[in-house]
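Coordinate inspection notes
Each chain, letter by letter, is given below.
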Amino acid sequence: MPFEMTWEEKGVLCRFHGQTSYEELFKVCTELWNHPDWGYFTYQVADFLDVSVLDLDETQAKLFAHFDKASALTCPVMRIALVAVNPDVLALAEAYVYTLTAPGWDARIFDDRDDAINWARNEHGPPVSREAAS
């Protein structure tokens, strides 16, 4: 599989490699949205450093931002760190970040995996309870 997911207490680390497609990205999102602790998660790190080809266009990148905006209804606080250096992947990441307009959600692009993980894990406030999110 061209991705690996590492579940943590308050979020997930996703590492993609090789050729990655829209369908595979959607599968990762679906697994995340269906996780029993989804409403308690506060971060996601999507690492594209080892991706050789990202089979995705700008419209699809923006569509993921719209999916995430809808997901904010059940997970009100989220930091999304996108890690990339490939110019094609960076262009798609920028389209996603520009399109994501969910209150309580923040997305940023990094060129260093450790910086991305540290930002995602350490700079967020306390998790929001399900009751406060309702």
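Everything discussed here concerns the structure shown above.
What comes next is a walk through the structure. (Residues numbered from 1 in each chain as written. Predicted model: local features only at pLDDT ≥ 70, side-chain atom pairs only at ≥ 80, totals over all residues. Heavy atoms only, no water.)

1. Looking at helix H1 (residues 22–33)
Helix length check: H1, at 12 residues, gives a terminal C-alpha distance of 16 Å against a target of 16 Å (1.5 Å per residue), a fit within 8%. For H1, every residue scored as buried is listed here: Tyr22, Leu25, Val28, Cys29 and Leu32. Summarising the axial view, the buried residues of H1 lie within an arc of 125°, below the 170-degree limit, and thus occupy one face. Where H1 is buried, its residues contact strand E1 (3–7), strand E2 (11–21), strand E3 (43–55) and helix H2 (58–71). (Helix = DSSP H or I, 4+ residues; strand = E, 2+ residues; numbered from the N terminus. Expected span 1.5 Å × (residues − 1). Buried < 20%, exposed > 50% of the residue type's maximum accessible area, 1.4 Å probe, protein only. Arc of directions from axis to C-beta. Contact = heavy atoms within 4.5 Å.)

2. Section: the packing of aromatic side chains
For any pair of aromatic rings, the description consists of the separation of the ring centres together with the inter-plane angle of the planes. Considering all chains together, one arrives at 11 aromatic pairs under this definition. When the ring of Trp7 is compared with that of Phe41, the centres are 6.0 Å apart and the planes differ by 25°; the resulting orientation is stacked. Taken together, the residues span a long stretch of sequence, with Trp7 in strand E1 and Phe41 in the loop between H1 and E3 at a distance of 34 residues. Taking the relative accessible area as the measure of exposure, Trp7 reaches 34% and is therefore partly exposed. These aromatic residues form a ring-pair network of at least three members: Tyr22, Phe26, Trp33, Phe64 and Phe67. (Phe/Tyr/Trp six-rings, centres within 6.5 Å; stacked < 30°, edge-to-face > 60°.)

3. A closer look at the nonpolar core
Counting residues in each nonpolar core, the largest one holds 35 residues, and the members touching the most others are Phe16, Phe48 and Trp105. Put simply, the parts of the chain that give this core at least two residues each are E1, E2, H1, E3, H2, strand E4 (78–83), helix H3 (87–99) and strand E5 (105–110). Trp105 has contacts with Trp38, Gln44, Asp68, Ser71, Ala72, Cys75, Pro76, Val77, Met78, Ile80 and Leu100, leaving out every residue within four places of it along the chain. Membership of the second largest hydrophobic core comes to 10 residues, among which are Leu13, Phe110, Ala116 and Trp119. (Core = buried A, V, L, I, M, F, W, Y, C linked by side-chain atoms within 4.5 Å.)

4. A few points about the side chain of Ser71
Here Ser71 lies in helix H2. The class of Ser71 is buried, set by a relative accessible area of 9%. A polar side-chain atom of Ser71 sits 2.9 Å from a polar atom in the side chain of Trp33. With residues near it in sequence (within four places) discarded, Ser71 still touches Trp33, Trp38 and Trp105. (Polar contact = N/O pair within 3.5 Å; in protein donor to acceptor, adjacent residues only side chain to side chain.)

5. Describing the sheet that holds E2
Pairing within the open sheet is mixed, and its 5 strands lie in the order E1-E2-E3-E4-E5. The two strands at the open ends of the sheet, each matched to only one other strand, are E1 and E5. On average, adjacent strands in this sheet sit at an angle of 15° to one another, irrespective of strand direction. Note: E2 against E3, 10 bridges, orientation parallel. Note on E3: the bridge partner recorded for His17 is Asp50. Against the sheet, H1 contacts E1, E2 and E3, and its axis sits at roughly 165° relative to E2. (Pairing = 2+ DSSP bridges. Axes fitted to C-alpha atoms, helices over the stretch in contact; angles between N-to-C directions.)

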